[in-house]
Amino acid sequence: MNIQHLRGSRLLTHKLASILSWLGLFIEPAKSAPYEEKKIFVSCVPHNIYPNPEYKVKLKHAIVLSSEDEEFGGLSGLLLTKDQKILYTITDRARFLKMTPMFEGHNIACVKSVTMRPLRGRSTRPLTGHYGDSEGLSFADTSEQKVLISFERAHRVVEYHLGQESMLPQTDFEAFDIRELPYNASYESVRTLDNGDIIAFPEHYEVTKGLLKGFLLDKDGETLMDLAIQRSGNHKITDIAVLSNGDFLTMERYFSMLTGVSVLMRHIKREDLLSGNVATGEEVFRLTSGGGADNLEGLTIFHEGQKNYIYAVSDDNFTSLQNTIIYSLEYDLTEPVASETPDDE
């Protein structure tokens, strides 16, 4: 079989799978009894942290969440409403959670009133298996009534309306050619900007070694421009959020059996990322397993002037070896961040 024929077959297979997914036909049956929304009890205990005080982003508090509900876990994206009354998150098994954060100062001390809803396909059946690997979460606009959820494996971004009785897809799109993307390392983060454009970064998409590629999209998923961030060691992007001044904060993770988990955050100037050049940014936070790091995947930011209150969630992968943890951090943007976009040589 020649290469062109092979590529054509792969593309046809993917397109067919996408259509079947959109229609809800290519989905495993749900393991649990059908439900629209259920309440679950979640307990909270403090998590030991040992942050490095030298970094500009300060780690203030962390809690471990647990529940006896078998569907609780695998949390990925994270969103906090502007009034700080509702926290949304998703699992990587297509479940959408709504909860009320309980604050001590600006730290999340626990959560209450937790409800879970299944993300559904066009058939109205819950998404599961290959088509239910939901990873990234963003509000679709400033109304906070619609969300964008990114999926990997069956790569796509889907819009859901929060006010509807069922979490049914409204629109979806493929932001770029999935033939080039790793099967289980794409569409990890999605974020809507104030003008309606969307930033999407795969977890690990290197077209050139050492450069992580992302995309600036319009609201219909059409690519406006390619984005590039210089990779920091072996770290991969798990989320990106917008700071109070319009710049970007990345969250990046690396795991090794020898050294454990390493998580870092970088402050990247808006003009550097959206210039079309390779952005590097400034590392403003790092945490390792020894300091209390886990598999951080979701990121959300609340602003008060130049104060940025950052909340991050870890994915326990539904295993007893990892934890579901919410971290509370602070970043005061009073110190200037130098542009670190590499000069062309």
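Worth saying up front: this structure is predicted, and the values here are computed from it rather than measured.

## Some points on the overall build of the protein chain
Counting secondary structure elements, the protein chain contains 2 helices and 23 strands. Expressed as a percentage of its 345 residues, the buried residues of the protein chain come to 54%. Partitioning the contacts of the protein chain with sequence separation of at least 6, the portion at a separation of at least 24 is 54%. As displayed, the protein chain has an accessible area near 15700 Å², and 51% of this comes from carbon and sulfur atoms.

## A short note on the state of the cysteines
Evaluated as defined, the whole model comprises 1 disulfide. The residue that forms a disulfide with Cys 44 is Cys 110, at a sulfur-sulfur distance of 2.1 Å. Here Cys 44 and Cys 110 share a disulfide; its torsion about the S-S bond, 80°, makes the bridge right-handed. In this pair, Cys 44 sits in strand β2 (residues 43-46) while Cys 110 sits in strand β7 (residues 107-118), placing the two residues 66 residues apart along the sequence. On the accessibility criterion, Cys 44 (21% relative accessible area) is partly exposed.

## Quick word on the side chain of Ser 262
Tracing the sequence through the fold places Ser 262 in strand β18 (residues 260-268). In this structure the side chain of Ser 262 is engaged in a polar contact, spanning 2.8 Å, whose partner is the side chain of His 235. Excluding anything up to four places from it in sequence, Ser 262 contacts His 235, Glu 252, Arg 253, Tyr 254, Arg 286, Leu 287 and Thr 288.

## Brief notes about the nonpolar core
Counting residues in hydrophobic clusters, the biggest one holds 26 residues, and the most contacted among them are Val 57, Leu 249, Met 265, Leu 299, Ile 310, Tyr 327 and Leu 329. Those elements that place two or more of their residues in this core are β3 (58-66), β17 (248-256), β18, β20 (282-288), β21 (296-304), β22 (307-314) and β23 (324-332). Of the residues forming this core, the biggest block, 4 residues, is contributed by β23. With near-sequence residues (within four places) excluded, Ile 310 lies in contact with Val 57, Leu 249, Met 265, Leu 299, Thr 300, Ile 301, Tyr 327, Ser 328, Leu 329 and Tyr 331. The next biggest cluster of nonpolar side chains, apart from the first, holds 21 residues, and it includes Leu 65, Phe 72, Met 99 and Val 114.

## Some details on the sheet that holds β23
Pairing is antiparallel across the open sheet formed by 5 strands, whose spatial order is β2-β3-β23-β22-β21. At either margin of the open sheet sits one strand with a lone partner, and together these are β2 and β21. Mean inter-strand twist for the sheet, computed between neighbouring axes without regard to direction, equals 25°. Here β2 runs beside β3; their pairing, made up of 4 bridges, is antiparallel. Its bridge partner being in β3, Ser 43 is matched across the sheet by Ser 66.

## Topic: the pattern of salt bridges
All chains considered together, the criterion is met by 13 salt bridges. The salt bridge partner of Glu 71 is Lys 38, with a shortest N-O separation of 2.7 Å. With Glu 71 in the loop between β3 and β4 (75-80) and Lys 38 in strand β1 (residues 38-40), this pair connects stretches of sequence that are 33 residues apart. Residue classification places Lys 38 among the partly exposed positions, given a relative accessible area of 21%. As a salt-bridge pair, Glu 297 and Arg 253 come within 3.0 Å of each other at their nearest N and O atoms. Taken together, the residues Glu 297 in strand β21 and Arg 253 in strand β17 connect sequence positions 44 residues apart. By relative accessible area, Glu 297 is classed as buried at 6%.

## Quick word on the confidence of the model for the protein chain
Here the protein chain averages 86 in pLDDT, while 82% of its residues score no lower than 70. Across residues 1-15, where pLDDT falls below 50, the model places 7 contacts with residues more than four positions away in sequence or in other chains. This stretch, residues 17-33, has a pLDDT under 50; its non-local contacts, to residues over four places away or in other chains, come to 29 contacts.

## What about the sheet that holds strand β10 (residues 156-161)?
The antiparallel open sheet is built from 4 strands, whose spatial order is β8-β9-β10-β11. Two strands lie at the open edges of the sheet, namely β8 (134-139) and β11 (169-173), each paired on one side alone. With direction set aside, neighbouring strand axes in the sheet form an average angle of 25°. Where strand β9 (residues 146-151) lies against β10, 6 bridges are found, and the strand directions are antiparallel. For Lys 146, the partnering residue across the bridge sits in β10 and is His 161.

## A word on the packing of aromatic side chains
One pass over the full model with this rule turns up 3 aromatic pairs. Look at Tyr 88 and Phe 96: their rings are 5.4 Å apart centre to centre, the planes differ by 35°, and that puts the pair in the tilted class. Assessed through its relative accessible area of 3%, Phe 96 is described here as buried. When the ring of Phe 103 is compared with that of Tyr 311, the centres are 6.0 Å apart and the planes differ by 70°; the resulting orientation is edge-to-face. Highlighted residues: Phe 103 in strand β6 (residues 95-104) and Tyr 311 in strand β22, separated in sequence by 208 residues. With relative accessibility at 27%, the residue Phe 103 sits in the partly exposed group. Feature note: the residues Tyr 88, Phe 96 and Phe 139 constitute an aromatic cluster, connected by ring pairs. The cationic tip of Arg 156 hangs over the ring face of Phe 151; the distance from NZ or CZ to the ring centre is 4.0 Å.

Thresholds, definitions, all that
Residues numbered from 1 in each chain as written. Predicted model: local features only at pLDDT ≥ 70, side-chain atom pairs only at ≥ 80, totals over all residues. Heavy atoms only, no water. Helix = DSSP H or I, 4+ residues; strand = E, 2+ residues; numbered from the N terminus. Buried < 20%, exposed > 50% of the residue type's maximum accessible area, 1.4 Å probe, protein only. Contact = heavy atoms within 4.5 Å. Areas by Shrake-Rupley, 256 points an atom, 1.4 Å probe, with all protein chains shown as cover. Disulfide = S-S within 2.5 Å. Polar contact = N/O pair within 3.5 Å; in protein donor to acceptor, adjacent residues only side chain to side chain. Core = buried A, V, L, I, M, F, W, Y, C linked by side-chain atoms within 4.5 Å. Pairing = 2+ DSSP bridges. Axes fitted to C-alpha atoms, helices over the stretch in contact; angles between N-to-C directions. Salt bridge = Lys/Arg side-chain N within 4 Å of Asp/Glu carboxyl O. pLDDT = per-residue confidence, 0-100. Phe/Tyr/Trp six-rings, centres within 6.5 Å; stacked < 30°, edge-to-face > 60°. Lys NZ or Arg CZ within 6 Å of the ring centre and 35° of its normal.

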